[in-house]
Amino acid sequence: MPQPDLTETHMNRRAVLVGAILVLGLVLAVSVVVLAGRGSGDDEATESTETSATVGSAMAGPAVDIQITEEALASEPDGMDLSDPESAVRSYLDWTSYAYRIAQSAVALPTMSSNQEVHVDAYVQYNIQKGRLIDQKLKSITFGKPIEDAERVRIPVKETWTYSYISITKPGELISGPYEVSYDTTYTVVPVGDDWVVDDIQSKALGPVE
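**Re the packing of aromatic side chains**
Phase 1: With the rule as written, the count across this model stands at seven aromatic pairs.
Phase 2: Seen from their ring centres, tyrosine 100 and tyrosine 123 are 5.1 Å apart, and the 80° between their planes marks the pair as edge-to-face. With tyrosine 100 in helix α3 (residues 85-102) and tyrosine 123 in helix α4 (residues 114-129), this pair connects stretches of sequence that are 23 residues apart.
Phase 3: The class of tyrosine 123 is buried, set by a relative accessible area of 0%.
Phase 4: When the centroid spacing of 6.4 Å and the interplanar angle of 55° are considered together, the rings of tyrosine 165 and tyrosine 179 count as tilted. Within this pair, whereas tyrosine 165 is found in strand β6 (residues 153-167), its partner tyrosine 179 is found in strand β7 (residues 174-192), the two being separated by 14 residues in sequence.
Phase 5: Owing to a relative accessible area of 3%, tyrosine 165 belongs among the buried residues under this scheme.
Phase 6: Lying over the aromatic face of tyrosine 165, arginine 132 brings its terminal NZ or CZ to 3.9 Å of the ring centre.

Now the structure itself:
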């Protein structure tokens, strides 16, 4: 979702959430524990892999253990296509959704500029602070006519998402959801070398965002 400019907007909680995170200034070192099995019903799930990683570009502070299922880790999208503005938006949505599922913003960085990276990383941190991951899925998307100038392309989009919140301590356990929300969104895409990346997102939720 368009992150709230955080995607909680996903989803526009964006401006509010990102601002809140930057004000708090909380940055977390994250230890990701991948557990075999699916969901909280797997009482016999066994730990198969553990890695330590940082969320964002300048992390510090107390470590937070994040437990995710192998299923979530394996849901990585098929490649990135940054060859044109529309493909870049689609790749951004695919990879940021994956980043939110596994609390690792770094996996989506090739699809965005440093400006947008701040918002994505802030939203990941926000959800960690709330003790949750977000599992969001794009239900439908319609691209409008691009608006181009010498430095960027703005693409109006109508999109509908479904999303749920998942526990970071009980792998696969549903905290709340699923919910559904639609947005009128404008993605600003800029060229970087031979690629296009998302530089900014402005979105308006067409209903309540949980």
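**Points about the nonpolar core**
Phase 1: Counting 40 residues, the largest nonpolar core has Ile66, Val89, Tyr92 and Tyr187 as its most contacted members.
Phase 2: For this core, the elements supplying multiple residues, two or more each, are β3 (63-69), α3, α4, β4 (132-143), β6, β7 and β8 (195-205).
Phase 3: Looking at this core element by element, the count peaks at nine residues for α3.

**Here we look at the pairing of β6**
Phase 1: For β6, the tally of buried residues reaches eleven of 15 residues, placing the bulk of the element in the interior.
Phase 2: Note that strand β5 (residues 147-148) and β6 share two bridges and pair antiparallel. Within β6, the residue paired with isoleucine 147 across the bridge is arginine 154.
Phase 3: As consecutive antiparallel partners, β5 and β6 are separated by four residues.
Phase 4: One ladder, built from 13 bridges, connects β6 with β7; its direction is antiparallel. The residue bridging proline 156 from the neighbouring strand is threonine 186, located in β7.
Phase 5: Between β6 and β7, which follow one another and run antiparallel, lie six residues, and glycine 172 among them has a positive phi close to 85°.

Calculation criteria
Residues numbered from 1 in each chain as written. Predicted model: local features only at pLDDT ≥ 70, side-chain atom pairs only at ≥ 80, totals over all residues. Heavy atoms only, no water. Phe/Tyr/Trp six-rings, centres within 6.5 Å; stacked < 30°, edge-to-face > 60°. Helix = DSSP H or I, 4+ residues; strand = E, 2+ residues; numbered from the N terminus. Buried < 20%, exposed > 50% of the residue type's maximum accessible area, 1.4 Å probe, protein only. Lys NZ or Arg CZ within 6 Å of the ring centre and 35° of its normal. Core = buried A, V, L, I, M, F, W, Y, C linked by side-chain atoms within 4.5 Å. Pairing = 2+ DSSP bridges.

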